[in-house]
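# Structure assessment
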Amino acid sequence: MLAYTFAEGMQQVVNALALGSVYALLGLGVAAIFSVLGIVNFAHGELVTLSGFSMLLFATLGLPWLLIVPLAILTGGLAAIAIELVAFRPVRGAPVETFLLTSLGVSIVIQNLLLMFVSPRPEDLHAPSWTDATFRVGGVVVGWFDVATILTTFLILILLTTFFRRSIYGLALRAAAEDFSMTRMVGLKANSVITLAFFLSGLLAGVAAFFYLGTLGQVEYDSGFNPLLKGFIAAVMGGLGSLSGAVVGGYVLAAMEIFFQVVLPSANTPFEAAIVFGMVILVLLLRPRGLSGGLSAAMKLERV
Amino acid sequence: MSRSLLQGRFFGSQCDRAPRAAVSAAVPFDGPILGARALEARYGSVRVLHGVDVEVNRGEIVTLLGSNGVGKTTFIQTVMGMVTQSGGAILYEGEDIRRLSPEARVLKGLAICPEGRRIFANMTVEDNLRVGAGFHRQAEFETNRARVYELFPKLKTLSVNAAGYLSGGEQQQLAVGRALMSEPKLLLMDEPSLGLAPKIVQTIFELIGVLREQGVTILLVEQNVRQALRIADRGYVLRNGRVVLAGTAEELAAEGHLETAYLGIGKD
């Protein structure tokens, strides 16, 4: 590993930033729901899958990618609202375990519907050619897609920060994350706040879907599993419920993954995931409330 | 113990109250703004309120007294809709609000300044006020904020600070200010003096007087009996989920055994 040059090192930094951006978006989506409802939505990965298949659909219809991407992102948001309406709202007020099982159930149902009625095989997304293009800075080869991923994520983070600071809807989400029943007692409708949280979470899943599946170049019925796992870990490491923590968690997770990919001898790469998860456990042992140490992860689901 | 107080003026007035439900949108309701009738509430199988009758008229300050655990907070939370009522009725401006969500009750003109203040600690003072205005009063935000800052000049100087860093008294001011942002007709205050230094408590009670002059009707839950009776028009004493004593503030203050007999204070 000492043989690595500066240029190669920089290349890995770009890789880690791009991967971390995707993880941050996924982590944010998971944390947005957790912060308001105190539950982990295990169907978050399916939002990524659904956005991916909608990209496929719109591409087949011959739409330009400039339209496909926003439509796919919107699909993610609307799918999240639909899932909340159909699956979560009926069990509102039930214990947290009910929500966890419900979200797992939603995940299984969506996967199997896609498997039966859409496609059992990976489908090629036919991503635009520029996603493969690269350019050189000094000795570093940089993918345009990585640059787009990093810049878009930063832009979204800035927009989100503004939203949470300035918009009454953003403030309502923050208030709900702090004290849901008090938020209702100032007159902010629980249903509106929850729908908003799911919409936001779905939009973020849609953006992540473009960058994650765009890199893979294909989508299949269980494409959402890995994104869910990474988003969940990012959110947990950041301190469940903390939005800024989820972003930090995403980048730290990606940095660890890339680091171990680079330094491990090739014979040991199969252990990369195990080592990364071990590191996550270590982080949580040292900082049980996550890297940000922010909001307590106490189960805060109230009688909504 | 003079049970005769139970036959005091507003219990007696129940018979000549206008029939309910005869309220049309055109004619403003001129009966009591809040009327709890035989209100019952329970947590699971534990009954907390056993048929409570409380009435609040427009422009009044009514105080709800009692020691810990007698159901004062439960009563407030039931009126707010956060605790489900298991019996009886809550009439707000003559209308039974049993089916209304807490949010809908706020739209109707109820607001709460809850026990423990429950300000949003991670948000700034100003953002607390914005949230207090709800989705429905954002257009009036500037006007109402100016009114709150006039009432609490200290909050204005702290407007960009995180609410969690405010002192207890300032947080209480913020909790009241937040409640006022929705332009309530009836303000429910749950132990606003709890945990505050005596000097601060004094200012909180002065504030309640100012609010009354501004036309806000207040239902005040207190353990600080003497202070509460000094400012209130009428009062009710709760014990084990029942009203055991009711009357004007003067009548209750004159009740010699108020603390020992009803409030469980100074028994030892």
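Residues numbered from 1 in each chain as written. Chains lettered and ligands numbered in written order. Predicted model: local features only at pLDDT ≥ 70, side-chain atom pairs only at ≥ 80, totals over all residues.

## Overview of the nonpolar core
- With 162 residues, the main nonpolar core has Ala 208 of chain A together with Leu 188 and Leu 220 of chain B as its most contacted residues.
- Each of domain 1 (3–23 + 31–109 + 184–263) and domain 2 (118–183) of chain B accounts for three or more of the residues forming this core.
- When near neighbours in sequence (up to four residues on either side) are disregarded, Ala 208 of chain A contacts Val 22, Leu 25, Leu 26, Val 48 and Pro 227 of chain A. (Core = buried A, V, L, I, M, F, W, Y, C linked by C-beta atoms within 7 Å. Buried ≥ 20, exposed ≤ 12 C-beta atoms within 10 Å, placed from the backbone. Domains from an automatic or database assignment. Contact = placed C-beta atoms within 7 Å.)

## Considering the domain arrangement of chain B
Residues and elements named next belong to chain B.
- Along its sequence, chain B is carved into domain 1 (3–23 + 31–109 + 184–263) and domain 2 (118–183).
- Between the C-alpha centres of domain 1 and domain 2 there is a distance of 25 Å.
- On the domain 2 side, the residues contacting the 11 residues of domain 1 number 11 residues.
- Sorting the residues of the side of domain 1 that touches domain 2 by element identifies α3 (102–108) and α8 (198–213) as the ones contributing at least two each.
- Take the side of domain 1 that touches domain 2: its biggest share by element is four residues, from α8.
- Residues belonging to the side of domain 1 that touches domain 2 are distributed by class as follows: 10 nonpolar, one polar and no charged. (Helix = DSSP H or I, 4+ residues; strand = E, 2+ residues; numbered from the N terminus. Nonpolar A, V, L, I, M, F, W, Y, C, P; charged D, E, K, R; others polar.)

## Quick word on the interface of chain B and chain A
- Between chain B and chain A, the contact holds 23 residues from the first and 16 residues from the second.
- Residue assignment for the side of chain B that touches chain A shows that the elements contributing at least two residues are α3 and α4 (125–132) of chain B.
- Of the residues belonging to the side of chain B that touches chain A, the class tally is 12 nonpolar, six polar and five charged.

## Comments concerning the pairing of strand β4 (residues 85–92) of chain B
Residue and element names in this part refer to chain B.
- Alignment of strand β1 (residues 34–43) against β4, held across six bridges, turns out to be antiparallel. Bridging across to β4, Arg 37 finds its partner in Ala 89.
- Across two bridges, β4 lies against strand β5 (residues 95–96) in antiparallel orientation. Paired with Tyr 92 across the bridge in β5 is Glu 95. (Pairing = 2+ DSSP bridges.)

## Observations regarding the sheet that holds strand β10 (residues 242–248) of chain B
Residues and elements named next belong to chain B.
- Strand order in the open sheet made by the six strands is β6-β7-β8-β3-β9-β10, with mixed pairing throughout. Both outer strands of the open sheet, β6 (110–113) and β10, are each paired with one neighbouring strand and no more. For this sheet, the mean angle separating the axes of adjacent strands, direction not counted, is 20 degrees.
- Summarising the sheet, strand β9 (residues 234–239) and β10 pair through six bridges and their orientation is antiparallel. Residue pairing for β10: Leu 238 is matched across the bridge by Val 243.
- Strands in contact with helix α2 (residues 72–80) are β3 (61–65), β6, β7 (186–190), β8 (217–222) and β9; relative to β7, the strand with the most contacts, it is inclined by about 150 degrees.
- Running over the sheet, helix α7 (residues 168–180) touches β6 and β7 and is turned about 170 degrees from β6. (Axes fitted to C-alpha atoms, helices over the stretch in contact; angles between N-to-C directions.)

## Points about the sheet that holds β5 of chain B
- Overall, antiparallel pairing links the four strands, which are arranged β2-β1-β4-β5 (chain B) in an open sheet. Every interior strand has two partners, whereas the edge strands, β2 (46–56) and β5 of chain B, have only one.

## Remarks on the confidence of the model for chain B
All names here are of chain B.
- Of all residues in chain B, 87% attain a pLDDT of 70 or more, and the chain-wide mean is 85.
- Of all the helices and strands in chain B, helix α1 (residues 9–12) carries the lowest mean pLDDT, 29, while α4 carries the highest, 96.
- Every residue in residues 1–24 scores below 50 in pLDDT, and together they form 24 contacts with partners more than four places removed in sequence or on other chains.
- Across the whole predicted complex the pTM is 0.85, and at the interface the ipTM reaches 0.85. (pLDDT = per-residue confidence, 0-100.)

## Examining the pairing of strand β2 (residues 134–137) of chain A
All names here are of chain A.
- In terms of strand pairing, β2 meets strand β3 (residues 140–143) through four bridges, oriented antiparallel. When the sheet's bridge partners are listed, Phe 135 is paired in β3 with Val 142.
- In sequence, β2 turns back onto β3 through a hairpin of two residues, with Gly 138 there showing a positive phi of about 60 degrees.

## Structural notes on helix α1 (residues 6–37) of chain A
Residues and elements named next belong to chain A.
- The terminal C-alpha atoms of α1, which comprises 32 residues, lie 45 Å apart, in line with the 46 Å expected from a rise of 1.5 Å per residue.
- Within α1, 23 of the 32 residues are buried, which leaves the element mostly enclosed by the surrounding structure.
- Positive backbone phi, approximately 70 degrees, marks Gly 38, located one or two places after α1. (Expected span 1.5 Å × (residues − 1).)

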